[in-house]
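Understanding the architecture of this molecule
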Amino acid sequence: NAFCGCDRLQRIATPLKIDLFPFDPEWHEYNQFKGCDQLTTVDLLGGAHNKTITLLHMESWRTEMIEEINRINQFLPNTPAHEKTAAIIQWMDSVIDKIDHYKAEHHRYVKEAVTLLELALWKAKLDEKDKNSAEGRTKTANIIDAESVRKEKRITCGADTVIKNILPFLQLE
């Protein structure tokens, strides 16, 4: 409660973290900024959230996240002094929830892209001219041989190497 009742406090800088402010069991509330009438601005410390936001897949997601981060400074000036801590906590939870949601969506898109890349590499390998022609073999032997060739080409298409080298550029931190 270091800032409780500090009527000169106008701006704070804080990390984006769940459970940053402890609940006061004596007062049955979060009261770190209770009575801080002049508190109007919250700045986030650390750049992890900024890096994550810039790496998000969709521009609309990035825009929405920036708007959500800036939202606190829009409504905090009009928030009653006894509700400022609760408003900041609720805002932090909302920002973290949105980041987690968009990270999960980003992961889903990356997973889908990796699957498509693997299939494309396999298809390219299948489309290569086969040096060992199937001429002169029986139909059953050709079918069995074709299946084993498909399996072998899936293994040798190089997808594991390509994906291993591309995936680090697609991951969020």
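Residues numbered from 1 in each chain as written. Predicted model: local features only at pLDDT ≥ 70, side-chain atom pairs only at ≥ 80, totals over all residues. Heavy atoms only, no water.

1. Focus: the pattern of salt bridges
According to the stated counting rule, one finds five salt bridges in the structure shown. Note that Arg11 is salt-bridged to Asp43, the shortest N-O span being 2.5 Å. Placement of the pair is Arg11 in strand S1 (residues 11-15) and Asp43 in strand S2 (residues 41-45), with a sequence separation of 32 residues. Arg11 sits in the exposed class, given a relative accessible area of 51%. With a closest N to O distance of 2.8 Å, Glu64 and Lys98 form a salt bridge. Separated by 34 residues along the polypeptide, Glu64 in helix H2 (residues 59-75) and Lys98 in helix H3 (residues 84-127) bring together distant segments of the chain. Its relative accessible area of 30% is what places Glu64 among the partly exposed residues. Taking the relative accessible area as the measure of exposure, Lys98 reaches 24% and is therefore partly exposed. (Salt bridge = Lys/Arg side-chain N within 4 Å of Asp/Glu carboxyl O. Helix = DSSP H or I, 4+ residues; strand = E, 2+ residues; numbered from the N terminus. Buried < 20%, exposed > 50% of the residue type's maximum accessible area, 1.4 Å probe, protein only.)

2. Structural notes on the confidence of the model for the protein chain
Of all residues in the protein chain, 90% attain a pLDDT of 70 or more, and the chain-wide mean is 84. Ranking the elements of the protein chain by mean pLDDT puts helix H4 (residues 139-156) last with 74 and H2 first with 93. (pLDDT = per-residue confidence, 0-100.)

3. Observations concerning the packing of helix H1 (residues 48-55) against H2
Viewed as axis vectors pointing N to C, H1 and H2 meet at an angle of 150°, and their least axial separation amounts to 8 Å. The orientation of H1 with respect to H2, classified from their angle, is roughly antiparallel. Between H1 and H2 lies a crossing whose hand is left-handed. The residues of H2 that touch H1, namely those facing His49, Ile53 and Thr54, are Arg62, Met65, Ile66 and Ile69. For the contact of H1 with H2, the per-class residue count stands at four nonpolar, two polar and one charged. (Axes fitted to C-alpha atoms, helices over the stretch in contact; angles between N-to-C directions. Parallel < 35°, antiparallel > 145°, perpendicular 65-115°, else oblique. Left-handed = near helix turned anticlockwise from the far one by under 90°. Contact = heavy atoms within 4.5 Å. Nonpolar A, V, L, I, M, F, W, Y, C, P; charged D, E, K, R; others polar.)

4. Some details on a negative patch on the surface
Together, Asp19, Asp93, Asp97 and Asp100 make up a negatively charged patch on the protein surface. By secondary structure assignment, the location of Asp100 is in helix H3. (Patch = residues over 30% accessible without salt bridge, like charges linked within 9 Å, V, L, I, M, F, W, Y side chains within 5 Å. Areas by Shrake-Rupley, 256 points an atom, 1.4 Å probe, with all protein chains shown as cover. Lys, Arg positive; Asp, Glu negative; His and termini not counted. Charge placed at Lys NZ, Arg CZ, Asp CG, Glu CD.)

5. What about the side chain of Thr14?
One can find Thr14 in strand S1. By relative accessible area, Thr14 is classed as buried at 4%. Those residues in contact with Thr14, other than ones at most four positions away along the chain, are Leu20, Phe21, Val42, Asp43, Leu44, Leu45 and Met92.

6. With respect to a nonpolar patch on the surface
Side chains of Ile166, Phe169 and Leu170 sit close together on the surface and give an oily, nonpolar patch of about 310 Å² of accessible area. Position of Phe169 relative to the elements: it lies in helix H5 (residues 159-170).

7. Description of the nonpolar core
Judged by nonpolar contacts, the single largest core of 23 residues is most densely connected at Ile12, Phe33, Leu39, Val42, Met65, Ile88 and Trp91. For this core, the secondary-structure elements that each account for two or more residues are S2, H2 and H3. Take this core: its biggest share by element is seven residues, from H3. The contacts of Trp91, once residues within four sequence positions are left out, are Val42, Leu44, Glu68, Ile69, Arg71, Ile72 and Phe75. Judged by nonpolar contacts, the second largest core, of six residues, contains Val114, Trp122, Ala159 and Ile163. (Core = buried A, V, L, I, M, F, W, Y, C linked by side-chain atoms within 4.5 Å.)

8. Some thoughts on the packing of aromatic side chains
This structure, assessed with the given rule, holds four aromatic pairs. Taking the centre distance of 5.8 Å and the plane angle of 40° together, the rings of Trp61 and Tyr109 count as tilted. Linking Trp61 in helix H2 with Tyr109 in helix H3, this pair joins segments that are 48 residues apart in sequence. Chaining the aromatic ring pairs together yields one cluster made of Phe3, Phe21 and Phe33. Over the aromatic face of Tyr109 sits the side chain of Arg108, whose NZ or CZ is 4.8 Å from the ring centroid. (Phe/Tyr/Trp six-rings, centres within 6.5 Å; stacked < 30°, edge-to-face > 60°. Lys NZ or Arg CZ within 6 Å of the ring centre and 35° of its normal.)

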